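# Close look at the chain arrangement
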Amino acid sequence: MGPLNAPALRELCALLETPGQRLLPDAIWLGGQAPLYRHLRDCEALSLSGEVASEVLCPDCLNQSLAPQAVPGAPGRYQALCFECGAMDLPKERVRLWQAEPGKVADWLSGALGLKVRHQVTAVIPGVLWHLGEREIRRQRRSFFFGCQIDTQTAVVNAKMGELAAPGAQALITTTDLAALKHAPLASRLLIPLRAVAQL
């Protein structure tokens, strides 16, 4: 595992549990972890959304707030005026919100578990729960799921898993803190933290 993988996975798990699963561009570039987020983007775990931040800090002086404006006739190009540094071009990575891609994580897990050949990943609850497929382990057929923010609708997640797999045969890989699920309907399921089984 490379030096960026563990902290990148930690950040990804935290982001997948954040409402909206998005980051402002200043959070990417001003937090000292830009290489980590670029790594996540290279892995396709993050992408640029179409939403533009209303304000960003000037990347040169870091003192002035800028209002990015799209350049007419030039998709993906932006300009802004800083009262200290003057007019400047801004790359889209510095003005658009960055979006986590939980469906991509589900695809990774499907491939890593050897399920991709026989099963297509299915979004059971959009943005929350994916069915990765089934495989036999020690003569028992087990159905694998991936979920994030499942503590917001544990009863629904539990019911959906019950519809798709036999009791005791479900395994749920999740970014949700297991302590938050201790007394939830899902507590009887096999719950596996994503950070315990995955690497980027």
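These lines cover the structure that appears in this document, whether it is placed above or below. In this numbering scheme, every chain counts its residues from 1 along its sequence in written order. Reporting in this predicted model follows two pLDDT cut-offs: at least 70 for local features of residues, and 80 or more for side-chain atom pairs to be given and counted; totals over whole chains, interfaces and linings ignore these cut-offs and use all residues. Only heavy atoms go into the side-chain values, all of them from the structure, while hydrogens and water stay out.

### Observations concerning the packing of aromatic side chains
Here is the rule: rings of Phe, Tyr and Trp (six-membered ring for Trp) pair when centre to centre is within 6.5 Å. Planes less than 30 degrees apart are stacked, more than 60 are edge-to-face, and the remainder are tilted. Summed over the entire model, instances satisfying the criterion amount to two aromatic pairs. Plain terms: the ring middles of tryptophan 29 and tryptophan 98 are 6.2 Å apart, the flat faces sit at 80° to each other, and that makes the pair edge-to-face. Of this pair, tryptophan 29 sits in helix H2 (residues 25-29) while tryptophan 98 sits in strand E8 (residues 96-100), and the two are 69 residues apart along the sequence. Buried means the residue's accessible area, taken with a 1.4 Å probe over protein chains only, is under 20% of the maximum for its type, while exposed means over 50%, and partly exposed covers the values in between. With relative accessibility at 21%, the residue tryptophan 29 sits in the partly exposed group. We note arginine 41 situated over the ring of tryptophan 98; from NZ or CZ to the ring centre the distance is 5.6 Å. Strands are runs of DSSP state E lasting at least two residues, helices are runs of H or I lasting at least four, and both sets are numbered from the N terminus onward. The criterion is that NZ of a Lys, or CZ of an Arg, lies within 6 Å of the ring centre and within 35 degrees of the ring normal, and then a charge sits over that ring.

### Focus on the environment of tryptophan 108
Here tryptophan 108 lies in helix H4 (residues 102-112). Each C-alpha atom of the pair tryptophan 108 and glycine 50 lies 24 Å from the other, and the pair is 58 residues apart in sequence.

### Considerations on the side chain of serine 143
Within the secondary structure, serine 143 sits in strand E11 (residues 140-147). We classify serine 143 as buried; its relative accessible area is 1%. Each polar contact in these results corresponds to two N or O atoms within 3.5 Å; when the atoms are within protein, one needs to be able to donate a hydrogen and the other to accept it, and residues that are neighboring in sequence are counted only if both atoms are side-chain atoms. At 2.6 Å, the side chain of serine 143 forms a polar contact with the side chain of histidine 131. Pairs of residues are marked as contacts when any of their non-hydrogen atoms sit within 4.5 Å. Filtering out sequence-adjacent residues up to four positions away, serine 143 remains in contact with His131, Gly133, Glu134, Leu164, Ala165, Ala169, Gln170 and Ala171.

### Observations regarding the sheet that holds strand E7 (residues 86-91)
Strands sit in the order E5-E6-E7 across an open sheet of three strands; the sheet is antiparallel. What marks the edges here is a single partner per strand, and that holds for strand E5 (69-70) and E7. Pairing of E5 with strand E6 (residues 77-82) involves two bridges; the strand directions are antiparallel. The partner of alanine 70 across the bridge, within E6, is tyrosine 78. Being paired, for any two strands, means DSSP has found at least two bridges between them.

Note that all results are geometric; they support no functional claim without further evidence.
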